[in-house]
Amino acid sequence: MSIMTTDSHPDDGVLLALIDAEVDDERRAEFDVAIAHVPECDVCRMRMSALEAESDHLREAVAMIPVPMIADAELRRRLSPFKEPAAVSRWRRPWWRAAAAIIVLAGAAAASPVRHWLLRPFEQTHLAPAIAPAPAAQPMSAAVDRSASVSFAPSGAEFTVQFDSVPAGGRLLRAERTSAATISARALSGASADPLVVLPGVLRVRNASESRANYMILLPRAVLRLRVIIAGDTVYDGAPPATVRLDRRR
Amino acid sequence: MTVKPDRISQLFTIHHDALFRYLVRLSGDADIAADAAQEAFVKLLQREPMGSGERAWLFTVGTNHVLEAKRTSARRLRLLTGRGERTMGDAPPDAHASVEADERRRVVMAALDGLSDKERVAILMREEGFSHREIAGAVGTTTGSVGTLLARTLDRLTRETTLDRDAL
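These figures come from a predicted structure and were not determined experimentally.

### Remarks on the packing of helix α3 (residues 54-71) of chain B against helix α5 (residues 117-127) of chain B
Residues and elements named next belong to chain B.
(1) Moving on: Running from N to C, α3 and α5 cross one another at 145°; their axes reach a closest spacing of 12 Å. With respect to the hand of their crossing, α3 and α5 are arranged in right-handed fashion. Residues F59, T63, L67, K70 and R71 of α3 form the contact with α5, whose participating residues are D117, R120, V121 and M125.

This is how it looks when you write it as structure tokens:
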């Protein structure tokens, strides 16, 4: 460690650590001297300003680097190795399947290659029986085709369904009571469904604004309060059962 | 005992997008980045629980995968020729802006490409909000030297991107 007095200038590493608020205890004495020195020193204040400006410049520059969204065709290409025998046998390991099952249940329009890749083998073998039969209801009686569904234990008396986007007009979420001990959710759609992500106390629906799916969710008696959030806005907060239009904001 | 699946689910939801973004910036190649992110989560499934350090661990594993892939591949800067790909950013409003944006991206990517692996990892991890201690762990140095490494890298990047832009 360099010995620094209030008369000498701290090095760039110390100045940058000050900018980043990274004053660690091991170098506390060195930083204390720098903290006392910098406000009184035009050279150091200018250097700190320069480093801050460079940081801003870098932040803007890095933000220009495009981060692609993987197209469906690219997803299929990426998934292709897992169709080979060796890759399939890997997925037959019980622990692997169990892990993948919890990760996410997705419909046909999954956006993340990793999620899609983790899900696929589970989807093929376990998706269909994963939910209790949904009661017939209007207007949720649309044909179930390629629907995503998920069933899981509640984590408390409150449960939140969170949609990423405001979907196209006329879409509904219907929440019903069930005598079962688990929460079951299903996306109903004639075309495609949206990825469902299960988190503690939350079901996140990673839908797009053009989504045409309706949703049915069955809640055990233990769940006393339902909250529905769409694109950050809470549109329902109360006791189930409930029918919530997904294209309206409160 | 391995990391619990519900914990994996949480980590995936929280960290995947940022990890992928970081790896794209690090590698300059979306394919390599996607593979590296995938590799990180696969390894996370197989390892012992580690408490609160999963984020840094995921980024470190992803970083190592990218650096290894780069050693066996010359696909860097492919993004620069990848016009027509959908991206998370807004499209430039017109052709002139598009050309200019492409050129600025080229300058930035070239400057990043000119850094050492250590410098590039450190500066991009800082952009993702990692602490100096976490950066030190990822690049194999001491916490106290990270500030110097970052300051030197900032100077270099600023000089090269500014010079290159002025030369346009």
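Back to the write-up after that little detour.
### Details of the environment of M216 of chain A
All names here are of chain A.
(1) Moving on: If you trace the backbone, M216 turns up in strand β7 (residues 214-220).
(2) Moving on: The class for M216 is buried, based on a relative accessible area of 3%.
(3) Moving on: Along the sequence, M216 and A185 sit 31 residues apart, while their C-alpha atoms lie 5.7 Å from each other.

### With respect to the sheet that holds strand β5 (residues 196-199) of chain A
Residue and element names in this part refer to chain A.
(1) Moving on: An order of β5-β6-β2-β8-β9 is seen for the five strands of this open sheet, with the pairing classed as mixed. Strands at the two margins of the open sheet, each flanked by one partner only, are β5 and β9 (233-238). Shown here is a sheet whose adjacent strand axes are inclined to one another by a mean of 15°, direction ignored.
(2) Moving on: The pairing of strand β8 (residues 225-230) with β9 spans five bridges and is classified as antiparallel. Looking at the pairing, V228 lines up with Y236 of β9.

### Some words on the packing of aromatic side chains
Two descriptors summarise a pair of aromatic rings, namely the distance from one centre to the other and the angle between the planes of the rings.
Residues and elements named next belong to chain A.
(1) Moving on: The full count for this structure, using the stated rule, is four aromatic pairs over all chains.
(2) Moving on: When the ring of F152 is compared with that of F159, the centres are 5.8 Å apart and the planes differ by 40°; the resulting orientation is tilted.
(3) Moving on: Residue classification places F152 among the buried positions, given a relative accessible area of 13%.
(4) Moving on: For F159, a relative accessible area of 2% translates into the label buried.

### Topic: unusual backbone geometry
Residue and element names in this part refer to chain A.
(1) Moving on: Omega for the peptide link from P240 to P241 comes to 5°, which places this bond in the cis form.
(2) Moving on: With respect to the helices and strands, P241 occurs in the loop between β9 and β10 (242-245).
(3) Moving on: Residue A21 is not a glycine yet carries a positive backbone phi of 55°.
(4) Moving on: On the secondary structure map, A21 appears in the loop between α1 (12-19) and α2 (28-37).

### A word on the pattern of salt bridges
(1) Moving on: What the rule picks out here adds up to 22 salt bridges over all chains.
(2) Moving on: Residues R126 of chain B and D20 of chain A are paired through a salt bridge, measuring 2.7 Å at the closest nitrogen-oxygen approach. Remark: D20 of chain A occurs in the loop between α1 and α2 and R126 of chain B occurs in helix α5; the pair is interchain, linking two chains.
(3) Moving on: Under the relative-accessibility criterion, R126 of chain B is labelled buried at 10%.

### What about the packing of helix α3 (residues 42-63) of chain A against α5 of chain B?
(1) Moving on: For the pair α3 of chain A and α5 of chain B, interaxial distance at closest approach is 11 Å and the crossing angle is 90°. It follows from the interaxial angle that α3 of chain A and α5 of chain B lie roughly perpendicular. Between α3 of chain A, through S55, L58, R59 and V62 of chain A, and α5 of chain B, the contact on the second element is made entirely by I123, L124, R126 and E127 of chain B.

### Some details on the pairing of strand β2 (residues 158-163) of chain A
Residues and elements named next belong to chain A.
(1) Moving on: Relative to β8, β2 is paired through six bridges, and the arrangement is parallel. Its bridge partner lying in β8, Q162 is registered against I229.
(2) Moving on: Relative to strand β6 (residues 202-205), β2 runs parallel, the two sharing four bridges. Bridge pairing in β6 links V161 to L203.

### Remarks on the pairing of β10 of chain A
Residue and element names in this part refer to chain A.
(1) Moving on: Only one face of β10 is buried: it carries A242 and V244, and the other face, with T243 and R245, is open.
(2) Moving on: Note: strand β3 (residues 172-178) against β10, four bridges, orientation antiparallel. Note on β10: the bridge partner recorded for A175 is A242.

### A look at α2 of chain A
Residues and elements named next belong to chain A.
(1) Moving on: All buried positions along α2 are accounted for by E30, F31, A34 and H37. Down the axis of α2, the buried set is contained in an arc of 125°. They therefore lie on one face.
(2) Moving on: Among the structural elements, α1 and α3 are those in contact with the buried residues of α2.

Analysis parameters
- Residues numbered from 1 in each chain as written.
- Chains lettered and ligands numbered in written order.
- Predicted model: local features only at pLDDT ≥ 70, side-chain atom pairs only at ≥ 80, totals over all residues.
- Heavy atoms only, no water.
- Axes fitted to C-alpha atoms, helices over the stretch in contact; angles between N-to-C directions.
- Helix = DSSP H or I, 4+ residues; strand = E, 2+ residues; numbered from the N terminus.
- Left-handed = near helix turned anticlockwise from the far one by under 90°.
- Contact = heavy atoms within 4.5 Å.
- Buried < 20%, exposed > 50% of the residue type's maximum accessible area, 1.4 Å probe, protein only.
- Pairing = 2+ DSSP bridges.
- Phe/Tyr/Trp six-rings, centres within 6.5 Å; stacked < 30°, edge-to-face > 60°.
- Salt bridge = Lys/Arg side-chain N within 4 Å of Asp/Glu carboxyl O.
- Parallel < 35°, antiparallel > 145°, perpendicular 65-115°, else oblique.
- Arc of directions from axis to C-beta.

Remember, this is a structural readout, not a statement about activity or role.
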